Amino acid sequence: MILELDCGNSFIKWRVLDALASAVVSEGVVDSNHALIERLRIITPLSLGNCRLVSVRTTEETGALIELIEREFGIAVVGAKPAREMSGVRNGYEDYERLGLDRWLAMLGGFHLAGGSSCLILDFGTAVTADFVAAGGEHLGGFICPGMPLMRNQLRTHTRKIRYGDEAAERALSAHVPGRTTVEAVERGCSFMLRGFVLTQVELARAYWGDDFTVFITGGDAELVRGVAPEARVVPDLVFVGLAMACPLS
Ligand SMILES: Nc1ncnc2c1ncn2[C@@H]1O[C@H](COP(=O)(O)OP(=O)(O)O)[C@@H](O)[C@H]1O
Ligand SMILES: CC(C)(COP(=O)(O)O)[C@@H](O)C(=O)NCCC(=O)O
Ligand SMILES: [K+]
């Protein structure tokens, strides 16, 4: 079996594939290395052969996780590395190593799923990112802005009177009418910021490519913007699609 990990700034997304990498055996989201190990230990039968991962965390943090997995399961861990060019996509950053690896893999995955035509990749995690890949594979660059967790936490930390818990936040997002409580006003307001971001990015893609492009939406908060661009493909495992391309096993 193959263990796949996507280590973002807030959460570790994990999944276990069967030995042929043809089916997902188990998957989930955890908030710490410890929770990951605990969660994996209860999968039976578990016979991991190898592990591939992508991380946007520090070298130290990523190294510690790799060491932990190697020790715990006795398997080799392969980490995705930055590249100037891969699978037909050319990294557009002035310094290609500075581009977030999660963005890079989502681009590889998106370009592949789009069959090599132009695509716009939107990722709604701790941060929100947009990346533009033209037909032919040239990465034009992208945008980074705060995601839902950062926006709501900024309001909670930098104002005196915006205070609410996670459960109220979740309830508030069941509708999009103007809020009549603080939690509704903030959660729905931030959600509209994300939705507005989708629209402006799609507008920019249209200016470049007319109607000839595919929009991909991924990341933990993808559901908040689903439906804003009805033509968009919501692909929760887009980073994993790219991870398999960047780190083939065997
Ligand atoms: N099952 C889930 N577990 C944890 N967070 C989730 C889940 N589903 C949606 N989310 C939301 O996803 C966001 C984090 O997205 P994610 O892509 O995991 O971020 P990152 O890659 O930066 O760690 C948070 O706002 C969180 O509330
Ligand atoms: C932009 C990001 C913070 C997004 O991380 P995430 O929200 O997925 O945790 C990450 O891709 C990153 O650290 N990138 C390096 C900076 C850059 O891409 O320019
Ligand atoms: K991410």
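Residues numbered from 1 in each chain as written. Chains lettered and ligands numbered in written order. Predicted model: local features only at pLDDT ≥ 70, side-chain atom pairs only at ≥ 80, totals over all residues. Heavy atoms only, no water.

The protein is annotated in an unreviewed UniProt entry as Type III pantothenate kinase from Pseudomonas khorasanensis. The record held by UniProt for the protein lists under Function (unreviewed entry) the comment "Catalyzes the phosphorylation of pantothenate (Pan), the first step in CoA biosynthesis." The Catalytic activity (unreviewed entry) field of the UniProt record for the protein holds the comment "(R)-pantothenate + ATP = (R)-4'-phosphopantothenate + ADP + H(+)". (UniProt positions renumbered as here; feature names shortened; annotations may be inferred.)

S.K.: Describe the site of ligand 1, listing the residues and the values that go with them.
M.R.: Close to ligand 1 lie 13 residues, the nearest being F11, K13, T126, G220 and D221. At 2.9 Å, a backbone N or O of S10 approaches an oxygen atom of ligand 1. Relative to its unbound accessible surface of 570 Å², ligand 1 loses 69% to contact with the protein. Looking at the shell around ligand 1 residue by residue, the class counts come to four nonpolar, seven polar and two charged. (Near = heavy atom within 4 Å. Polar contact = N/O pair within 3.5 Å; in protein donor to acceptor, adjacent residues only side chain to side chain. Areas by Shrake-Rupley, 256 points an atom, 1.4 Å probe, with all protein chains shown as cover. Nonpolar A, V, L, I, M, F, W, Y, C, P; charged D, E, K, R; others polar.)

S.K.: Lay out unusual backbone geometry in plain terms, naming residues and giving numbers.
M.R.: The step from T44 to P45 runs through a cis peptide bond, and the omega angle for that step is -10 degrees. Of note, P45 is situated in the loop between α1 (33-41) and β4 (50-55). Even without being glycine, A21 reaches a positive phi, approximately 60 degrees. You can see A21 is positioned in the loop between β2 (12-17) and β3 (24-30). With relative accessibility at 39%, the residue A21 sits in the partly exposed group. Notably, S87 is not glycine yet its phi reads approximately 50 degrees, a positive angle. (Helix = DSSP H or I, 4+ residues; strand = E, 2+ residues; numbered from the N terminus. Buried < 20%, exposed > 50% of the residue type's maximum accessible area, 1.4 Å probe, protein only.)

S.K.: Tell me about the packing of aromatic side chains, residues and numbers included.
M.R.: Given two aromatic rings, their pairing is described by the distance between the two centres and the angle made by the two planes. Throughout the structure, instances matching the rule amount to five aromatic pairs. Ring plane angle 65 degrees and centroid distance 6.1 Å describe the contact between F132 and Y208, whose orientation is recorded as edge-to-face. With F132 in strand β9 (residues 127-133) and Y208 in helix α6 (residues 182-209), this pair connects stretches of sequence that are 76 residues apart. By relative accessible area, which is 3% here, F132 ends up buried. Centroid distance F132 to W209: 6.0 Å. Interplanar angle 45 degrees. Geometry classified as tilted. Of the two residues, F132 sits in strand β9 while W209 sits in helix α6, which places them 77 residues apart along the sequence. For the pair formed by F132 and W209, the shared burial category is buried. Among the aromatic residues, those joined into a cluster by ring pairs are F132, F143, Y208, W209 and F213. The ring centre of Y164 lies 4.9 Å from the NZ or CZ of R156, which sits over that ring. The ring of F192 has R195 sitting right over it, with the charged end atom 5.8 Å from the ring centre. (Phe/Tyr/Trp six-rings, centres within 6.5 Å; stacked < 30°, edge-to-face > 60°. Lys NZ or Arg CZ within 6 Å of the ring centre and 35° of its normal.)

S.K.: Could you give an account of the UniProt feature "active site" (unreviewed entry) in the protein, naming the residues involved and the relevant values?
M.R.: The UniProt feature table records "active site" (unreviewed entry) at D102. Ignoring sequence-local partners within four residues, the contact set of D102 consists of V54, V56 and V239. (Contact = heavy atoms within 4.5 Å.)

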